Number of protein chains: 2
Amino acid sequence: MAMRRAGVSAIRALCSSPNSTRHVHSTAGSKKIVGVFYKANEYAELNPNFVGTVERGLGIRDWLESQGHQYVVTDDKEGPDCELEKHLSDLHVLITTPFHPAYVTAERIKKAKNLQLLLTAGIGSDHIDLKAAAEAGLTVAEVTGSNVVSVAEDELMRILILVRNFLPGYHQVINGEWNVAGIAHRAYDLEGKTVGTVGAGRIGRLLLQRLKPFNCHLLYHDRIKIDPQLENETGAKFEEDLDAMLPKCDIIVLNMPLTEKTRGMLDKERISKLKKGVLIVNNARGALVDTQAVADACASGHIGGYSGDVWFPQPAPKDHPWRYMPNQAMTPHISGTTIDAQLRYAAGTKDMLDRYFKGEEFPLQNYIVKEGVLAPQYR
Amino acid sequence: MAMRRAGVSAIRALCSSPNSTRHVHSTAGSKKIVGVFYKANEYAELNPNFVGTVERGLGIRDWLESQGHQYVVTDDKEGPDCELEKHLSDLHVLITTPFHPAYVTAERIKKAKNLQLLLTAGIGSDHIDLKAAAEAGLTVAEVTGSNVVSVAEDELMRILILVRNFLPGYHQVINGEWNVAGIAHRAYDLEGKTVGTVGAGRIGRLLLQRLKPFNCHLLYHDRIKIDPQLENETGAKFEEDLDAMLPKCDIIVLNMPLTEKTRGMLDKERISKLKKGVLIVNNARGALVDTQAVADACASGHIGGYSGDVWFPQPAPKDHPWRYMPNQAMTPHISGTTIDAQLRYAAGTKDMLDRYFKGEEFPLQNYIVKEGVLAPQYR
């Protein structure tokens, strides 16, 4: 993995010199693999491709067992008596997903003496204590790219749902009402509006491409500029200073990973400087924003609409304020787990397991922590 | 207006030889203009640009009255005692909208002895009996192009809402639930799916352009092929035979006007030949489809999702079956009446009134009926 060692941080200092590196590539013999997924329950039989579930376990059980490995699958991930805890002491590989995240804490990593490899079926490994994983010399990898199209499409849907004020119209329909004015007084075209993405990695770039024909003013902020060709193709303008970009935007989309640097980046103060009525889409991570500050700004109208599928923690508790704030268009964590995405991240997970058994490298872009060394964007 | 007189039909035979042509261009003197719009009520003061309403009356009152014209605005359009009926006998111009349609029947046209001009603030004049208007020698015109972007954007939103199975997720949120499987088992990427538009006029073409970056298979059916450059740009394939195209589609979007030929075109038999689970978006007109056949196919699952903003009649009654069918993502008639669209169709209506007062021609593409002669696509 081409590691760009830029900047010194406490995390990096810890991570780049792990105290001990566990055997990251598989030694011969039977491995115990545990997967934590959401349950399909009554939906299991409705779709043969519904592979990202406890019932289907990514569709790799026969393949694993035919090679003599043990494969345990569960959705029971919370508390000291959960199924996951029972297997921590002897598992070698733990597969998790962002959609039903098993929080892999430092304590759990400590208990998992045989653990070598943490695989995220999907993208986004912030449910794992990456610092602790690095200190323990583990490898953490995800199926980079597996659901970026899925998420970008979903973001564009959410932008339109907010801009068009869709949900009040839908509520009228199911409540037997008809009041065009109640919708139209705050329904707009997307055309001509200023849309800024915070982060222009894989997902942000796909979003910009999909926004291009809508004739918006496109802005992006990132650590580095995107490819000049793509900048030219999309017409998106680079904004080096995040705080200069945000107040220009009618619509803001968050597209960066959750790290110690980005946690809570959209806080009360930053929100106060946004345009009144700004629309915000966040399919990245719930903890990027201050939960209560977002709820308060939706209540006051300073934020005109907030839509996303990420929360902290997940599942969101029944009393999470985002469930009840005005002008929200929230869903559970869903955008990256379409059927198409599941097939891709199941295939990508299987590919990495196969390489692990054979002692081969993973695709470089998949590594989040490689044998105890954290990828640069997480430092 | 360049009239292409192709094919003989009973309607054309009637329309091309009006019994009498009323004075279509204004004679000097004060005119009585009546506008029928939806009421803003408590929303009137929330947005200074909310012009397409009874309260704002397209923002043309001062302009009309300063020229000595009389301007009456109402939302009361149904039944023999409604406000509209009171003014039929002496109005010269009637302005209506598709969003809160005043049904201009043959009987009403007969009563309106002084009527010369019917203006649609928006696009779609099927709430007017065009045959009767033509026979009476009237002119019917709309603000062509005023909200085509608004509608095309809204269609793409609805495609995504259905493909991603958005609404069940939203319902979980507001009901305090969290069940990813209940959404994901039928959530897909748009990428790679086959999308067909029935009609590739102004709106259909804008939709194809906006769909282009999603990497779908794009099909279109129309009377005539689109510009080769646009076909090349979007990659959309022309399908001459509608019934050959429809069964290929994962997603069907209706984008044609309602005429005697297109009324009820999506009926029980055609639906039975569609792919199981097909998604349908209809922002064109409710009467293009068989209401009960759509509701039945949604109930059986043959239609996997139906979304649109058009109904028949409008407002939709409380017991309209589409309010209660599964997998619907309906709203009241809203897509063409964004604030941006209102500003455009208000300006376009004012422009035509100005030309009418001055005895000038309208922009050619605005005419639906010109001095008793129906535009070719309505024959």
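One structure accompanies this document, and this report is about it.

Turning our attention to the sheet that holds strand β13 (residues 373-374) of chain B. All names here are of chain B. With mixed pairing, seven strands are arranged side by side in an open sheet as β2-β1-β3-β4-β5-β12-β13. Of all the strands in the sheet, just β2 (70-74) and β13 have a single pairing partner and so form its edges. Note that strand β4 (residues 117-120) and strand β5 (residues 139-142) share four bridges and pair parallel. Note that in β5 the partner of Thr 120 across the bridge is Glu 142.

What follows is about the interface of chain A and chain B. Tallying the contact residues gives 70 residues for chain A and 70 residues for chain B. Summed over both sides, the interface of chain A with chain B buries roughly 6,000 Å², with 65% coming from carbon and sulfur. Linking chain A to chain B there are 10 salt bridges. Asp154(B) is the partner of Arg164(A) in a salt bridge, and the nearest nitrogen-oxygen pair spans 3.9 Å. Linking chain A with chain B are 38 residue pairs in polar contact (both at pLDDT 80 or more), by the criterion used here.

Another aspect to go through is the relation of the copies chain A and chain B. Superposition of chain A onto chain B requires a rotation of 180 degrees combined with a translation of 0.0 Å along the rotation axis, giving an RMSD of 0.0 Å. This pairing of chains is accounted for by a two-fold axis. Judged by C-alpha distance, Met157(A) is the residue of chain A that lies nearest the rotation axis, at 2.7 Å. Taken as a fraction of all interface residues of chain A, those also at the interface in chain B reach 100%, which identifies the copy contact as same-surface.

To continue, consider the pairing of strand β12 (residues 367-370) of chain B. When β5(B) meets β12(B), the two strands line up antiparallel, connected through two bridges. Bridge pairing in β12(B) links Val140(B) to Val369(B).

Residues and elements named next belong to chain A. Of note, Thr 262 is situated in the loop between β9 (251-254) and α12 (268-272). Polar side-chain contacts of Thr 262 include one of 2.8 Å to the backbone oxygen of Pro 257. Aside from chain neighbours lying at most four places away, what touches Thr 262 is Met 256, Pro 257 and Leu 288.

Right, let's get into the pairing of strand β10 (residues 278-282) of chain A. A regular strand carries its side chains on alternate faces of the sheet. All names here are of chain A. Counting buried residues along β10, five of its five residues qualify, which places the element largely inside the surrounding structure. Judged by which residues are buried, β10 turns out to be covered on both faces: Val 278, Ile 280 and Asn 282 on one side and Leu 279 and Val 281 on the other are all buried. As defined by bridge partners, β9 adjoins β10 across four bridges and the pair is classed as parallel. Paired with Ile 251 across the two strands is Leu 279, which belongs to β10. Bridge count for β10 against strand β11 (residues 303-308) is five bridges, and the pairing is parallel. Within β11, the residue paired with Val 281 across the bridge is Ser 307. Crossover β10 to β11 through helix α13 (residues 291-300) is right-handed.

Further remarks concern helix α9 (residues 202-211) of chain A. Residue and element names in this part refer to chain A. Across the 10 residues of α9, seven count as buried, placing the element largely inside the fold. By the burial criterion, the buried members of α9 are Ile 203, Gly 204, Leu 206, Leu 207, Leu 208, Arg 210 and Leu 211. Next to the buried residues of α9 lie α6 (148-163), β6 (194-198), β7 (217-221), α10 (228-234) and β9.

Mapped onto the elements, Asp154(B) comes out in helix α6 (residues 148-163). With near-sequence residues (within four places) excluded, Asp154(B) lies in contact with Arg164(A), Asn283(B) and Ser335(B).

This next bit is on the environment of Gly182(B). Among the structural elements, Gly182(B) can be located in helix α8 (residues 180-184). When the C-alpha positions of Gly182(B) and Lys39(B) are compared, they lie 39 Å apart, and in sequence the two are 143 residues distant. Setting aside residues up to four positions removed in sequence, Gly182(B) forms contacts with Tyr43(A), Asn165(B) and Gln172(B).

Looking now at the packing of aromatic side chains. Each aromatic ring pair is described using two quantities: the centre-to-centre distance and the angle formed by the ring planes. Taken as a whole, this structure holds 22 aromatic pairs over all chains when the rule is applied. Measuring from centroid to centroid gives 4.9 Å for Tyr306(A) and Trp322(A), while their planes differ by 50 degrees, and the two rings are tilted. With Tyr306(A) in strand β11 and Trp322(A) in the loop between β11 and α14 (339-358), this residue pair connects regions lying 16 residues apart in the sequence. Across the pair, exposure class does not vary: Tyr306(A) and Trp322(A) are buried alike. Taking the centre distance of 5.9 Å and the plane angle of 20 degrees together, the rings of Phe99(B) and Tyr345(B) count as stacked.

A few words on the packing of α6(A) against α6(B). Between α6(A) and α6(B), the shortest axis-to-axis distance is 9 Å and the interhelical angle comes to 125 degrees. Considering the angle they form, α6(A) stands oblique to α6(B). For α6(A) against α6(B), the interelement crossing comes out left-handed. In this structure, α6(A) uses Glu153(A), Leu156(A), Met157(A), Leu160(A) and Ile161(A) to contact α6(B), whose residues at the interface are Glu153(B), Leu156(B), Met157(B), Leu160(B) and Ile161(B). Of the residues contributing to the contact of α6(A) with α6(B), the split by class is eight nonpolar, no polar and two charged.

Cut-off values and rules
Residues numbered from 1 in each chain as written. Chains lettered and ligands numbered in written order. Predicted model: local features only at pLDDT ≥ 70, side-chain atom pairs only at ≥ 80, totals over all residues. Heavy atoms only, no water. Pairing = 2+ DSSP bridges. Helix = DSSP H or I, 4+ residues; strand = E, 2+ residues; numbered from the N terminus. Contact = heavy atoms within 4.5 Å. Buried area = accessible area lost by both parts, 1.4 Å probe. Salt bridge = Lys/Arg side-chain N within 4 Å of Asp/Glu carboxyl O. Polar contact = N/O pair within 3.5 Å; in protein donor to acceptor, adjacent residues only side chain to side chain. Least-squares fit on C-alpha atoms with pLDDT ≥ 70 in both. Buried < 20%, exposed > 50% of the residue type's maximum accessible area, 1.4 Å probe, protein only. Right-handed = clockwise from strand over helix to strand, strands pointing away. Phe/Tyr/Trp six-rings, centres within 6.5 Å; stacked < 30°, edge-to-face > 60°. Axes fitted to C-alpha atoms, helices over the stretch in contact; angles between N-to-C directions. Parallel < 35°, antiparallel > 145°, perpendicular 65-115°, else oblique. Left-handed = near helix turned anticlockwise from the far one by under 90°. Nonpolar A, V, L, I, M, F, W, Y, C, P; charged D, E, K, R; others polar.

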